[in-house]
Amino acid sequence: MLRKIIAALIVFAVANRAPVRVSLDPFASDPPLFAASLPLFVLLLLVLIAGVMIGGIAAWMRQSRWRRRARRLSAELKRARVETETLRRQVEAAMPSHPPQSSIAAIAYRHPNAA
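Since the model is a prediction, treat every value here as computed from it, not as a measurement. (Residues numbered from 1 in each chain as written. Predicted model: local features only at pLDDT ≥ 70, side-chain atom pairs only at ≥ 80, totals over all residues. Heavy atoms only, no water.)

What about the environment of arginine 21?
No. 1: Structurally, arginine 21 is set in strand S1 (residues 19–23).
No. 2: With a relative accessible area of 58%, arginine 21 lands in the exposed category.
No. 3: For arginine 21 and serine 37, which are 16 residues apart along the polypeptide, the C-alpha to C-alpha distance reads 4.3 Å.
No. 4: Excluding residues within four positions of it along the chain, arginine 21 makes contact with Pro31, Pro32, Ala35, Ala36 and Ser37. (Helix = DSSP H or I, 4+ residues; strand = E, 2+ residues; numbered from the N terminus. Buried < 20%, exposed > 50% of the residue type's maximum accessible area, 1.4 Å probe, protein only. Contact = heavy atoms within 4.5 Å.)

Right, dumping it as structure tokens:
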């Protein structure tokens, strides 16, 4: 597929190598104020590259809201993880060092003073 596209571009470039005069003067003055003479395939490739760049910049600017939100949520997640780790350490420090009894052993054991 890529070879076919490259071949088509080469054929287009060879077939359209005659110079074309491009004028950026909206008022037809003779000679135009801003003009360039270049092959048609170069002009079309430059327009294509400019279009891709303009489209990429527009998409990047439209996504700024989502990037800002992702940064905010990432910072919030980092704070939550730090807080969770701190609380986990506090709970582990407050736990008694002896192993907990199973539920059956806790039910079966009765303190002598208990009624």
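Re the packing of helix H2 (residues 40–62) against helix H3 (residues 64–94)
To characterise two packed helices, one gives the angle between the axes of the helices and the distance between these axes.
No. 1: Their axes nearest at 4 Å, the elements H2 and H3 cross at an angle of 45°. By the angle between their directions, the pair H2 and H3 is classed as oblique. Every residue of H3 that contacts H2 at Trp60, Met61 and Arg62 is listed here: Ser64, Arg65, Trp66 and Arg67. (Axes fitted to C-alpha atoms, helices over the stretch in contact; angles between N-to-C directions. Parallel < 35°, antiparallel > 145°, perpendicular 65-115°, else oblique.)

A short note on the pattern of salt bridges
Opposite charge on two side chains makes pairing possible when the charged atoms of those side chains draw close.
No. 1: Taken as a whole, this structure holds 3 salt bridges when the rule is applied.
No. 2: One salt bridge connects glutamate 76 with arginine 72, and the closest N-O pair in it is separated by 3.8 Å. In this pair, glutamate 76 and arginine 72 are both assigned in helix H3, 4 residues apart and thus about one turn of the helix distant.
No. 3: Overall, glutamate 76 belongs to the partly exposed group, its relative accessible area being 41%.
No. 4: Of the charged contacts in the structure, one is a salt bridge between glutamate 85 and arginine 88, with a shortest N-O distance of 3.3 Å. Pair noted here: glutamate 85 and arginine 88 are both in helix H3, with a separation of 3 residues, about one helical turn. (Salt bridge = Lys/Arg side-chain N within 4 Å of Asp/Glu carboxyl O.)

Re a nonpolar patch on the surface
No. 1: On the surface, Met1, Leu2, Ile5, Ile6, Leu9, Ile10, Val14, Leu45, Leu48 and Val52 cluster together to form a nonpolar patch covering roughly 1,000 Å² of accessible area.
No. 2: Listing elements by their share of the nonpolar patch, those giving two or more residues are helix H1 (2–15) and H2.
No. 3: A per-element tally of the nonpolar patch places H1 first, with 6 residues.
No. 4: On the secondary structure map, methionine 1 appears in the segment before H1. (Patch = residues over 30% accessible without salt bridge, like charges linked within 9 Å, V, L, I, M, F, W, Y side chains within 5 Å. Areas by Shrake-Rupley, 256 points an atom, 1.4 Å probe, with all protein chains shown as cover.)

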